[in-house]
Amino acid sequence: MIRSLKKNPFVALHLLKKIDKLNKKAEKGERGNWTRAWWINPSMIVHTIAIHNGKEHLPIYITDRMVGHKLGEFVGTLNFRGHAKSDNRSRR
């Protein structure tokens with residue numbers, strides 16, 4: 001068994017309490033957080049969570065297919081601008 005399967009999933013309790021309050025009120029609200037390592041659990045379905053990518057918060061709508069993954073998997077942190085152009089003169 002690999003080490004990551006031995007550990008329990010990380011859940012931020014203070015954020016989980018806020019989502020439970022929204023579920024009891026039957027409201028859908030957007031919550032911003034910086035916790036990218038937080039595992040998505042079934043109580044988070046149908047909520048929109050804004051995840052920080054290093055520059056800004058990007059809203060992510062949680063669906064049932066995302067359960068078991070981490071929040072950081074759905075927000076990229078790098079902007080790929082393409083490969084460097086090759087210089088044909090250097091090959092001569």
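The coordinates are above.
Before going into details, it helps to say that this report is about the structure given with it. (Residues numbered from 1 in each chain as written. Predicted model: local features only at pLDDT ≥ 70, side-chain atom pairs only at ≥ 80, totals over all residues. Heavy atoms only, no water.)

1. Points about the environment of Leu 58
Now for step 1: Looking at where Leu 58 falls in the secondary structure, it is placed in strand β3 (residues 57-61).
Now for step 2: By relative accessible area, which is 27% here, Leu 58 ends up partly exposed.
Now for step 3: Taking the C-alpha atoms as reference points, Leu 58 and Thr 48, ten residues apart in sequence, are found 9.8 Å from one another.
Now for step 4: Excluding its chain neighbours within four sequence positions, the residues that come into contact with Leu 58 are Ile 49, Ala 50, Ile 51, Asn 53 and Val 75. (Helix = DSSP H or I, 4+ residues; strand = E, 2+ residues; numbered from the N terminus. Buried < 20%, exposed > 50% of the residue type's maximum accessible area, 1.4 Å probe, protein only. Contact = heavy atoms within 4.5 Å.)

2. A short note on the nonpolar core
Now for step 1: Core analysis: the biggest nonpolar cluster contains 14 residues, and Trp 38, Met 44, Ile 62 and Leu 71 have the highest contact counts within it.
Now for step 2: Here this core gets three residues from one element, more than from any other, and that element is helix α2 (residues 13-25).
Now for step 3: Every residue in contact with Leu 71, bar those within four places of it in the chain, is listed here: Asn 33, Thr 35, Arg 36, Trp 38, Ile 40, Met 44, Ile 51 and Ile 62. (Core = buried A, V, L, I, M, F, W, Y, C linked by side-chain atoms within 4.5 Å.)

3. Notes on the environment of Thr 77
Now for step 1: By the secondary structure assignment, Thr 77 is in the segment after β3.
Now for step 2: Judged by its relative accessible area of 49%, Thr 77 falls in the partly exposed class.
Now for step 3: Along the sequence, Thr 77 and His 52 sit 25 residues apart, while their C-alpha atoms lie 8.8 Å from each other.
Now for step 4: Setting aside residues no more than four positions away along its own chain, Thr 77 makes contact with Arg 36 and Asn 53.

4. Quick word on the environment of Ala 50
Now for step 1: Mapped onto the elements of the fold, Ala 50 is located in strand β2 (residues 48-52).
Now for step 2: Separated by 18 residues in sequence, Ala 50 and Gly 32 place their C-alpha atoms 4.3 Å apart.

5. Some remarks on the pairing of β2
Now for step 1: Where burial is concerned, most of β2 is hidden: four out of the five residues are buried.
Now for step 2: As defined by bridge partners, β2 adjoins β3 across five bridges and the pair is classed as antiparallel. The residue of β3 that forms the bridge with His 52 is His 57.
Now for step 3: Linking two consecutive strands that pair antiparallel, namely β2 and β3, is a turn of four residues; a positive phi of about 110° is found at Gly 54 within it. (Pairing = 2+ DSSP bridges.)

6. What to know about the side chain of His 52
Now for step 1: If you trace the backbone, His 52 turns up in strand β2.
Now for step 2: Separated by 3.2 Å, the side chain of His 52 and the backbone nitrogen of Gly 54 make a polar contact.
Now for step 3: Dropping the residues within four chain positions of it, His 52 is found in contact with Asn 33, Trp 34, Arg 36 and His 57. (Polar contact = N/O pair within 3.5 Å; in protein donor to acceptor, adjacent residues only side chain to side chain.)

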